[in-house]
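Summary of the model geometry
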Amino acid sequence: MIIGIDIGYNATKLFDGKTKTIFASASGTVNKSRFSLTTKEDFIVKIPGDGEWMIGETAVEESRIIARREDRKWITSPEYYRLFIGALSKVKDNIVSIVTGLPVAFYDDKDELEQILKAGEHIFSANGVDRKVTVDKCLVIPQPFGTVACLALDENGNISDKDLASGNVGIIDIGGKTTNILTVSKLSEVARQTVSINTGGWDIARDVKNQLNKIYPAMEEQRDHEIADIVRNKSITLFGNKINIAEIVDSVVFPLSQQVIAEINQMWGSSAGLSKIVITGGGAYFVAPYIMQKYSHAIMVDDPVFSNVIGYYKLGARTNA
Ligand SMILES: Nc1ncnc2c1ncn2[C@@H]1O[C@H](COP(=O)(O)OP(=O)(O)OP(=O)(O)O)[C@@H](O)[C@H]1O
Ligand SMILES: [Mg+2]
């Protein structure tokens, strides 16, 4: 079975050709009362030598200690491996072919990651069920490259968009913590020239939420995806009144969008040599409108959070064919 796995700083995503799965990229100590009556499904993995861990949203909500790392050593850390095992636990098959990605800046660590993921059998238990999973193939690509594959290939991995597959495409991946800008020329080449900015969707959502909380305390309960809608619509409805909040949204999103636009200028000039500028990653929900205003050939992908991982799957289908 082919499976795309995208372990982002914000969320871990997987796609098996049919089902999309997402969970928060967090692991934490198991503190849940055995007798609690929560209706939420457990997500606990046990790894020999590392112990028992809550994964995803349950870790965020219930663990006393949460492990979340953002440094380069992340991929060789137990925290990363737990998320990988968490992802494997969502797959029914015990033999899998994996395609995954690394942040562009860390792509040199590709071989090391392949070693970790391919190392024999992965033995673990998930919610009390013992598993042994073998990774028979593993391909590691630069993360934003997944989005190009997502757009250029069909679900069997055949080229469905020739222009995109053979041309120069600019990719802007606005993740949780980082924004990556790179050029992909033809499906198989990634230009060395890349830029990484240390801001992402998570910073934007947090800043907008903080600004709104100060003025409208009723906003406190809004969830992240609701904040995203608010940012997009630049308005909120409180007690039946629609309130325009364009000024607040602009004050937070505008600086990042200008930073991205400045980098685009620096890297691509007028960007006339690119057939498209593709904006992906969850932060696209916030920043894409500003970039699209400026560049007529810029598009936001339909499903920015999942398009990298869908592309991983399609590449898997292509290389396994
Ligand atoms: N449905 C949504 N609507 C709007 N914004 C969203 C949505 N889902 C996620 N986001 C925003 O996008 C950000 C995360 O995007 P994404 O899942 O692409 O990050 P990631 O891949 O985990 O991070 P990175 O690529 O930096 O490792 C979140 O911080 C959130 O603010
Ligand atoms: Mg990402």
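The structure reproduced in this document is the subject of the present report. A quick note: this is a predicted structure, and the numbers were derived from the prediction, not measured. (Residues numbered from 1 in each chain as written. Chains lettered and ligands numbered in written order. Predicted model: local features only at pLDDT ≥ 70, side-chain atom pairs only at ≥ 80, totals over all residues. Heavy atoms only, no water.)

On to the side chain of Thr147. Counting through the fold element by element, Thr147 comes out in helix α4 (residues 145-152). With residues near it in sequence (within four places) discarded, Thr147 still touches Val278, Thr280, Val301, Ser307 and Asn308. (Helix = DSSP H or I, 4+ residues; strand = E, 2+ residues; numbered from the N terminus. Contact = heavy atoms within 4.5 Å.)

Tracing the backbone shows Gln143 in the loop between β10 (129-142) and α4. In sequence terms Gln143 and Ile5 are 138 residues apart; their C-alpha atoms lie 10 Å from each other. Each residue touching Gln143, except ones within four places of it in the same chain, is listed here: Asp6, Ile7, Gly101, Leu102, Pro103, Asn308 and Tyr312.

Next up on the list: the pairing of strand β14 (residues 235-238). Sheet topology places β14 next to strand β15 (residues 241-244); 4 bridges connect them, and they run antiparallel. Bridge pairing links Ile236 to Ile243 in β15. Here β14 hands over to β15 after 2 residues, with Phe239 in that stretch at a positive phi of 50°. (Pairing = 2+ DSSP bridges.)

Let us now look at unusual backbone geometry. Only a minority of non-glycine residues have a phi that is not negative, and only a minority of peptide bonds are not trans. Despite not being glycine, Lys234 has its phi angle at roughly 55°, a positive value. Tracing the backbone through its elements, the reader meets Lys234 in the loop between α7 (224-233) and β14. Despite not being glycine, Phe239 shows a phi value in the positive range, around 50°. Checked against the element boundaries, Phe239 lands in the loop between β14 and β15. Overall, Phe239 belongs to the exposed group, its relative accessible area being 80%. (Buried < 20%, exposed > 50% of the residue type's maximum accessible area, 1.4 Å probe, protein only.)

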